[in-house]
Amino acid sequence: MDQVMTQKPHEMLAATLSDEMAAVNTLIRTRMASEHAPRIPEVTAHLVEAGGKRLRPMLTLAAARMCGYEGDNHVKLAATVEFIHTATLLHDDVVDESGQRRGRPTANLLWDNKSSVLVGDYLFARSFQLMVETGSLRVLDILANAAATIAEGEVLQMTAATNLKTDEAIYLQVVRGKTAALFSAATEVGGVIAGVEEAQIKALFDYGDALGIAFQIADDLLDYQGDSKATGKNVGDDFRERKLTLPVIKAVAQATDEERAFWTRTIEKGRQEEGDLDHALALMGKYKTLEATRDDAMAWAEKAKTALQSLPEHPIRQMLHDLADYVVARLH
């Protein structure tokens, strides 16, 4: 893969789908309005207009366009996906007691927890209204399932995050819930709405699933070896917040009794002292878990690219292929 891309794949997708993305943005603004509660559009606009990549709705548009869809229901579905994503972010920031997202203060900090939770609920309700408008029971089933899986993943993470018994299988379940479920639903509904054959719908699901997993593993790895300016997070935030992510899970699996006692104190019991992060990094270095985590992310990106092979030849297919490379390119 060419390391220096003149234009990033998600930027190329955004340019290719610019008219449809403009329609999605207009629809989002229209549907987040509230005649009776002006705080709803205030809180929603703060997050929606914070300048995220809009990757998930773009995947829905890309999948539908690549599969030859010519109607306008994909715009409604893309807005649905963005509403679900925004609702989960509002709820997540309350659960995580976060103060910052995308370099700006979070909604719960600017307003309060109650506003964040209730506006998140409003956006979930709006997303279901939009799904119903497409008239497809199957689309409703896929997205409702994804919403339930996301909530399940977040609850599982609460119990698994500080439990040293959490293994790679449970970690994968959490990642599938909190990240990959919406990626795979976003791509899958694009194929469903386009009416393509089952094998292609499955391929779209597989692409979104693998891309989402690669994306999250890369994110978790960058927490320990990323550039704070680029990621917007401080190195070791996950360690300080006692989150058991893949680099640590791999280190715990190989730990001596003494090392396990260290992980028990810092992660399970949360008694962290000066120098603990450095010691954690040294243990990850000892077992090469950062390299192993990077290999896992690359392997999932390869699975995403393989899934694309049975989809129609189209310029967007190449962009989705490059997007899978780009998600892990930040790890080089």
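Structural data are supplied above this passage.
Notes on the structure follow. The residue numbering used here restarts from 1 in each chain and proceeds along that chain's sequence as written. The predicted origin of the model limits local features to residues at a pLDDT of at least 70 and limits the giving and counting of side-chain atom pairs to 80 or more, whereas totals for whole chains, interfaces and linings rest on all residues. The side-chain values count all of the structure's non-hydrogen atoms but skip hydrogen atoms and water molecules.

Moving on: the overall build of the chain. Across its full length, the chain carries 17 helices and two strands. What makes two residues a contact is simply this: any of their non-hydrogen atoms within 4.5 Å. For the chain, long-range pairs separated by at least 24 residues make up 76% of all intrachain contacts whose partners lie at least 6 apart in sequence. Note on areas: Shrake-Rupley, 1.4 Å probe, and residue coverage restricted to the protein chains presented here. Element-wise, carbon and sulfur atoms account for 51% of the exposed surface of the chain, whose accessible area totals about 15200 Å². We count a stretch as a helix when DSSP gives it H or I for four or more residues in a row; a strand needs E for two or more, and each element gets its number in order from the N terminus.

We now examine helix α14 (residues 257–268). Three labels apply to residues, based on accessible area from a 1.4 Å probe with only protein chains included: buried if under 20% of the type maximum, exposed if over 50%, partly exposed otherwise in between. Within α14 the residues assigned to the buried category are E259, F262, W263, R265, T266 and I267. The secondary structure elements touched by the buried residues of α14 are α12 (237–240), α13 (246–253) and α15 (276–286). Note on α14: the residue one or two positions beyond its end, G270, has a positive phi of about 70°.

Bringing the environment of R56 into the picture now. As for its placement among the helices and strands, R56 is situated in helix α4 (residues 55–66). The class of R56 is buried, set by a relative accessible area of 13%. Note: C-alpha distance between R56 and S184 (128 residues apart in sequence) is 9.2 Å. If we skip the residues at most four places from it in the chain, R56 touches V81, H85, L182, F183, A186 and F215.

Right, let's get into the packing of helix α8 (residues 137–160) against helix α9 (residues 168–194). Two numbers describe a pair of packed helices, the interaxial angle and the distance between the axes. Each axis is a line fitted through C-alpha atoms, taken for helices only over the stretch in contact, and angles between the N-to-C directions span 0 to 180 degrees. In the contact formed by α8 and α9, the axes pass within 7 Å of each other and the chain directions differ by 165°. Considered as vectors, α8 and α9 are oriented roughly antiparallel to each other. Every pair of crossing elements has a handedness; the one defined by α8 and α9 is left-handed. Across the contact of α8 with α9, the residue classes break down as 15 nonpolar, five polar and five charged. Roughly parallel covers angles under 35 degrees, roughly antiparallel covers those over 145, roughly perpendicular covers 65 to 115, and oblique covers all other angles. In this scheme the crossing of two helices becomes right-handed for a clockwise turn of the near helix relative to the far one and left-handed for an anticlockwise turn of less than a right angle. Any residue outside Ala, Val, Leu, Ile, Met, Phe, Trp, Tyr, Cys, Pro, Asp, Glu, Lys and Arg is labelled polar, Gly included; the first ten of those are nonpolar and the last four are charged.

Centres within 6.5 Å are what make two rings of Phe, Tyr or Trp a pair, Trp counting through its six-membered ring; a difference in plane orientation under 30 degrees is then read as stacked, over 60 as edge-to-face, and the rest as tilted. Applying the stated rule across the entire model yields three aromatic pairs. Ring plane angle 15° and centroid distance 6.5 Å describe the contact between F239 and F262, whose orientation is recorded as stacked. A residue pair is termed long-range when its members are at least 10 positions apart, and F239 in helix α12 and F262 in helix α14 qualify at 23 residues. Comparing F239 with F262, the two get one shared label, buried. Between F262 and W263, the aromatic rings sit 5.2 Å apart at their centres with planes inclined by 65°, giving edge-to-face as the arrangement. The two residues F262 and W263 agree in class, both being buried. Chaining the aromatic ring pairs together yields one cluster made of F239, F262 and W263. Counting as a charge over the ring demands two things of the Lys NZ or Arg CZ atom: a distance within 6 Å of the ring centre and an angle within 35 degrees of the ring normal. In this structure, K303 packs its charged tip against the face of W300, placed 3.9 Å from the ring centre. Here the basic side chain of R330 rests over the ring of F215, its NZ or CZ set 5.4 Å away from the ring centre.

The grouping of V95, V155 and M158 at the surface amounts to a nonpolar patch, some 300 Å² of accessible area in total. Take V95: its relative accessible area is 52%, and that puts it in the exposed class. The residues that make up patches have over 30% relative accessible area and no salt bridge, and they are joined within 9 Å when like-charged or within 5 Å when they are Val, Leu, Ile, Met, Phe, Trp or Tyr. Salt bridge, as used here, is a side-chain nitrogen of Lys or Arg placed within 4 Å of a carboxyl oxygen of Asp or Glu.

Throughout this description, the term nonpolar core refers to a set of buried Ala, Val, Leu, Ile, Met, Phe, Trp, Tyr and Cys residues connected via side-chain atoms within 4.5 Å. Residues L13, L143, Y207, L211, W263, L320 and L323 are the most contacted members of the largest nonpolar core, which totals 99 residues. Top contributing element to this core by residue count: helix α10 (residues 198–225), with 14 residues. Setting aside residues no more than four positions away along its own chain, L143 makes contact with L77, T80, V81, I84, M131, A185 and V189.

So, about the pattern of salt bridges. Where charged atoms of side chains with opposite charge meet at close range, the side chains can pair. Applying the stated criterion across every chain, the model contains 17 salt bridges. For E133, the salt bridge is made with K76, and the minimal N-O distance between the two is 3.7 Å. With E133 in helix α7 (residues 113–133) and K76 in helix α5 (residues 73–95), the pair connects residues that are 57 residues apart, well separated along the chain. Taking the shortest distance from any N to any O, the salt bridge between D206 and K202 comes out at 2.9 Å. Pair noted here: D206 and K202 are both in helix α10, with a separation of four residues, about one helical turn.

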